[in-house]
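Structural overview for review
Listed below, chain by chain, are the residues.
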Amino acid sequence: MILFVILVSSVVLQFAAALLALRLIRVTRKHRAWLLIAAALALMAMRRAYILVQLMSGSTTVPLPDLTGELIALTTSIFMVFGVGYIAPVFLAVQEANQALQENRAVLQAILDASPVGIVLIRDRVIQWANQAMERMFGHAKESYQGQSTALFYPDIQEYERVGKEIYPMVAHHEQGGMDVRLRRRDGSVFDGSVHVRALDSEDLGKGYIAALTDLTERKELEQQIIQSQKMEAIGRLAGGVAHDFNNLLTSIMGYSDLLATKLPPDSPQRRYVGEVRKASELAAALTRQLLTFSRKQVLQPCVLYINDVISEMRLMLEKLLGEGVTLELDLAPALGCIRSDHGQIEQVILNLLVNSRDAMPLGGSITIATANVDLDADFAGSHLAVTAGPHVMLTVSDTGEGMAEDTRRRMFEPFFTTKEKGKGTGLGLATTYAIVKQSGGTLWVDSEIGRGTTIKIYFPRVDEDRQVETRLAEPCMRTDGTETILLAEDERAVRDLAGEMLQKCGYTVLEAVDGEDAVRIAEGYGQAIDMLLTDVVMPGMNGRELAERLTVRRPAIKILYISGYTDNVIAQHGILDPGTQFLAKPFTQQQLARKVREVLDSPVFAAVSCTK
C-alpha cells in the first residue's frame, strides 16, 4: 500500500514539474532547454503511470519497483516541483526587467536620435557610438562611426590636435569643456561648429566621454547679418548727419552763386567762374542726395506700384545703357502682385543693379530681370534678419559676369566700397540700393561665386491694393512773386540770411527768427497777418513741427512749408513724407524756393497742415 501511494505521488509531482517547465517556456522564451526538461519529466511520469496501471491490473510481468528507489524518486520529484516553482517567478521577474530595459533603451535611443545635436560616445578619441543627428550633420551612416577616430570630424590634423590640447585638459579639471571648432562633412565641405565634452566618470576618465557637436552655420550667418546691419546703421547715421550739414553749406554756396550771377553783366568774365562754382555745387548736391538715401533719411513719396510696369517703361533706356555687348532678358510674372514704394527710387534700384552687372562683364554677357510672387515661410524669416513671413514680390537681377569672392560679397553694400578702377565708381550705387530696399520694407539676398556670375534677389512685401497710375502734367506757367508776409525760422545764419534775401527779392515781407522760441515771440508780437511759416525741421529746442503746431492754434489760416537738409522722424515716420505736408529739400535755388512758396500760398488752407506725430 505504501509503495502504491509513493507511485501515485511521484506521477502527480512529475506531471506538475513538467507543466511548470512548459509554463517557463512561455515566460522566458527559452524553448529548447525547458522543453527538454519538460519532456524528461513527462517521460518519467508516464513510466510510473504505466507501472501503476500494471500493478492495479494485477500484472506480474512488470518488475516491481524497489521501495528505496521510489522513495528517492519521490524526494527528487518534490525537490523538482519546488525548484521549478521557485525558479519560475525569478525568471519571470528577470524577463520583465529585461523587457523594461529594452523599452527604456528604445525610448532613450529615440530621444537621442531626435536630438538636433550630434552626440557621440568616445573612448581614447575613438568613437564607440553615435546618434542619428551625426548622420544628418556629417553625412556618414551612424553605424559607420563605431571604431573611427574623432579625426574624422575635423578638416585637418592641426584642428584635431588643437581640440585635443584645449578641451581634454578642461574636462580633466572641470569634468566638462567646450569650444568653437571647424568641422568637415563627408563631402569635404567645412563648416563652423561647437563641441562640448563631459566625462562619463570624473573619477575614472578612462571610461570615456560624451561629446555633443552642434552646427553653428545658421547662427554664424545671423550674427554676421546683425553685425552688418549694425555697421550699416552706424555708417548711415554718420552719412545722414554729414549730408544734413553739407546741404546747409551747399544751400548758401548755390544760393549766393545765383544771387551773384544776377548782379554780374551778361558779358562779364566772372560769370564763367560763378558758373563753375554752381556746377560743382550741383555735383556735391547729387552726392549728398545719395548719402541721404543710404542713411534712409531721404523723403519718399510711396504709392502702390506694379514693378512689371516700371521695368517695361525703363527697358529701352536700359538697353541703351548696357550697350551692344550685353543682352537684356526679361522674365516677368504675368499675375504679379503690387508693392508700396517710391516710383523714382525703384527705378534707381533697377538702374544701379544693372550698371553694376554691366561693369562686371567687360567682355559682354547677359543680364536677366525676373519677377515672381513668393510666400516666405517662417523658416526663411527665422534665418534672415528683419524679414517677416508672408506674401512678397521678388525682383531678381542675375548676370553672367565675373562673380564675387566672399569678402567682396560681404562688403558690397558698404558706402564708398568699390572694386572698380579709380574714377569709375563712387561706391554709393549698391549702398543706395540697399537703403532704398530697406526703407521700402524689403530685404536683399545675394548669391555669387568667382566665375559663376551674380544673382541678387529683392523681396518686397506684397500689398492687396490696386496700383496707382501716375500722371505727369506739364507744369503751367506760374508767378513766383508776391506781397504776403512770411515768418522764416532757421537756426543756420547763412541759410536764414540767404532765404530772407531771396524772398525779399520776390516782393515778400520777411520776418526772420533764429529758432522756434524766437519765431513764437515774433508771431505773438506781430499785429498783422502772417501768411506763411517757412521753417527748418530740425532746430535746437523747439523743432519745426512743434513750432507749426503752436502757431496754427492762434493763426489757423497760416500756411506751413518745411525745409531741411534731411528728414528725420520729426517730419517723416521712417523717412516717408506724411500726406498733406509741404516740404522743400536743401539745397534749393532761388527759383525753386520762389516756386514752392508761391505754390503753397496759392493752395487751399487744408493742404498746408503740419505733419502728424
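Being a predicted model, the structure only gives us computed values, none of them experimental.

**Some details on the overall build of the protein chain**
Scanning the protein chain from N- to C-terminus turns up 16 helices and 19 strands. Scored against the burial criterion, the 613 residues of the protein chain give a buried share of 43%. In the protein chain, the share of contacts with a sequence separation of at least 24, taken over all contacts with a separation of at least 6, comes to 67%. Looking at the protein chain as shown, the accessible area adds up to about 32,600 Å², and 56% of this sits on carbon and sulfur atoms.

**Comments concerning the confidence of the model for the protein chain**
Model confidence for the protein chain is summarised by a mean pLDDT of 77, while 71% of its residues fall at 70 or above. Taken as a whole, residues 469-477 scores under 50 in pLDDT and shows 4 contacts with residues more than four places along the chain or in a different chain. Per-residue pLDDT stays below 50 along residues 606-613; that stretch engages in 23 contacts with residues further than four places along the chain or on separate chains.

**Re the packing of helix α9 (residues 343-359) against helix α12 (residues 429-439)**
The interhelical angle for the contact between α9 and α12, taken along N-to-C directions, is 145°, at an axis separation of 9 Å. Considering the relative orientation of α9 and α12, their crossing is left-handed. Together, Gln345, Gln348, Val349, Asn352, Leu353 and Asn356 of α9 and Gly429, Leu430, Thr432, Thr433, Ile436 and Val437 of α12 make up the contact between the two elements.

**As for the pairing of strand β4 (residues 190-199)**
As paired strands, strand β3 (residues 176-184) and β4 are joined by 9 bridges and run antiparallel to one another. Across the sheet, the residue bridging to Met179 is Val195, located in β4. Counting the residues in the hairpin turn of β3 and β4 gives 5 residues, including Gly188, whose phi is positive at 95°. Relative to strand β5 (residues 209-215), β4 runs antiparallel, the two being bridged by 7 bridges. Bridging from a neighbouring strand, Arg198 pairs with Ile210 of β5.

**Quick word on helix α5 (residues 157-174)**
Here α5 contains 18 residues, and its C-alpha end-to-end distance of 26 Å stays within 8% of the 26 Å for a straight helix at 1.5 Å per residue. When α5 is considered as a whole, its buried residues turn out to be Glu159, Tyr160, Val163, Gly164, Ile167, Tyr168 and Val171. Buried residues in α5 make contact with β1 (118-123), β3, β4 and β5. Among the residues of α5, the N-terminal cap falls to Asp156, whose side-chain oxygen and the backbone nitrogen of Gln158 are separated by 3.3 Å.

**Topic: helix α13 (residues 493-505)**
In this model, α13 (13 residues) spans 18 Å end to end at C-alpha, consistent with the 18 Å of a helix rising 1.5 Å per residue. Of the residues making up α13, those classed as buried are Val495, Arg496, Leu498, Ala499, Gly500, Met502 and Leu503. Backbone geometry just downstream of α13 places Gly507 in the positive-phi region, at approximately 100°.

**Considerations on the packing of aromatic side chains**
According to the stated counting rule, one finds 5 aromatic pairs in the structure shown. Relative to Phe153, the ring of Tyr145 lies with its centre 6.2 Å away and its plane at 50°, an arrangement referred to as tilted. Note on Tyr154 and Tyr160: the rings are 6.1 Å apart at their centroids and 50° apart in plane angle, and the pair reads as tilted. Of the residues examined, Tyr154 reaches a relative accessible area of 4% and is grouped as buried. Feature note: the residues Phe138, Tyr145, Phe153, Tyr154, Tyr160 and Phe191 constitute an aromatic cluster, connected by ring pairs.

**Overview of the pattern of salt bridges**
Going through the model one piece at a time under the given rule, you end up with 20 salt bridges. Linking Asp180 and Lys220 is a salt bridge whose minimum nitrogen-to-oxygen distance equals 4.0 Å. One end of the pair, Asp180, is in strand β3; the other, Lys220, is in helix α6 (residues 217-263), and 40 residues separate them in sequence. We classify Asp180 as partly exposed; its relative accessible area is 41%.

**Looking at the nonpolar core**
If you look at the biggest cluster of nonpolar residues, it comprises 40 residues, and the most contacted ones within it are Ile307, Ile350, Leu354, Ile367, Ile369 and Ile458. Not counting the four nearest positions on each side in its chain, Ile458 is found in contact with Val349, Leu353, Val393, Met394, Leu395, Val437, Thr443 and Leu444. With 25 residues, the next largest nonpolar core counts Met137, Tyr154, Tyr160 and Tyr168 among its residues.

**A word on the sheet that holds strand β11 (residues 443-448)**
With mixed pairing, 5 strands are arranged side by side in an open sheet as β7-β9-β10-β12-β11. Single-partner strands in this sheet number two, and they are β7 (326-331) and β11. This sheet shows a mean twist of 20° between the axes of neighbouring strands, independent of strand direction. Strands in contact with helix α8 (residues 307-322) are β7, β9 (365-376), β10 (390-399) and β12 (454-461); relative to β7, the strand with the most contacts, it is inclined by about 170°.

**What about empty space enclosed by the protein?**
Going through the model one piece at a time under the given rule, you end up with 1 cavity of 30 Å³ or more. One number sums up the size of the largest cavity: a volume of about 70 Å³. Listed by contribution, the elements that provide at least two residues to the lining of the largest cavity are α5, β4 and β5. Taken together, the residues of the lining of the largest cavity sort by class into 9 nonpolar, 1 polar and 1 charged.

**Some details on the sheet that holds β1**
Taken together, 5 strands build an open sheet; the order of strands is β2-β1-β5-β4-β3 and the sheet is antiparallel. The outermost strands of the open sheet, each flanked by one partner alone, are β2 (126-130) and β3. On average, adjacent strands in this sheet sit at an angle of 30° to one another, irrespective of strand direction. On top of the sheet, α5 reaches β1, β3, β4 and β5; it is set at about 165° to β3, its chief contact.

**Things to note about the side chain of Ser564**
Here Ser564 lies in strand β16 (residues 559-564). Classification of Ser564 by relative accessible area gives buried; the value is 1%. When near neighbours in sequence (up to four residues on either side) are disregarded, Ser564 contacts His244, Asp536, Val537, Phe583, Leu584, Ala585 and Lys586.

**Considerations on the environment of Thr433**
With respect to the secondary-structure elements, Thr433 resides in helix α12. The spatial distance from the C-alpha of Thr433 to the C-alpha of Ile346 is 8.7 Å, given a sequence separation of 87 residues. Beyond its immediate stretch of four places on either side in the chain, Thr433 contacts Val349, Asn352, Leu353 and Leu444. Polar side-chain contacts of Thr433 include one of 3.2 Å to the side chain of Asn352.

**Here we look at the pairing of strand β15 (residues 532-536)**
Burial within β15 is extensive, with 5 of its 5 residues counted as buried. Residues Met532, Leu534 and Asp536 line one face of β15 and the alternating positions Leu533 and Thr535 line the opposite face, and both faces are buried. Across 4 bridges, the pairing between strand β13 (residues 485-489) and β15 is parallel. Note on β15: the bridge partner recorded for Ala489 is Thr535. Relative to β16, β15 runs parallel, the two sharing 5 bridges. Bridge assignment links Met532 to a residue of β16, and that residue is Lys559.

Thresholds applied
Residues numbered from 1 in each chain as written. Predicted model: local features only at pLDDT ≥ 70, side-chain atom pairs only at ≥ 80, totals over all residues. Heavy atoms only, no water. Helix = DSSP H or I, 4+ residues; strand = E, 2+ residues; numbered from the N terminus. Buried < 20%, exposed > 50% of the residue type's maximum accessible area, 1.4 Å probe, protein only. Contact = heavy atoms within 4.5 Å. Areas by Shrake-Rupley, 256 points an atom, 1.4 Å probe, with all protein chains shown as cover. pLDDT = per-residue confidence, 0-100. Axes fitted to C-alpha atoms, helices over the stretch in contact; angles between N-to-C directions. Left-handed = near helix turned anticlockwise from the far one by under 90°. Pairing = 2+ DSSP bridges. Expected span 1.5 Å × (residues − 1). Polar contact = N/O pair within 3.5 Å; in protein donor to acceptor, adjacent residues only side chain to side chain. Phe/Tyr/Trp six-rings, centres within 6.5 Å; stacked < 30°, edge-to-face > 60°. Salt bridge = Lys/Arg side-chain N within 4 Å of Asp/Glu carboxyl O. Core = buried A, V, L, I, M, F, W, Y, C linked by side-chain atoms within 4.5 Å. 1 Å grid on protein atoms, 1.4 Å probe; cavity = no way out; pocket = protein on both sides within 12 Å on 5 of 7 lines; lining within 4 Å. Points joined across faces, edges and corners; volume = space filled by probe spheres on them. Nonpolar A, V, L, I, M, F, W, Y, C, P; charged D, E, K, R; others polar.

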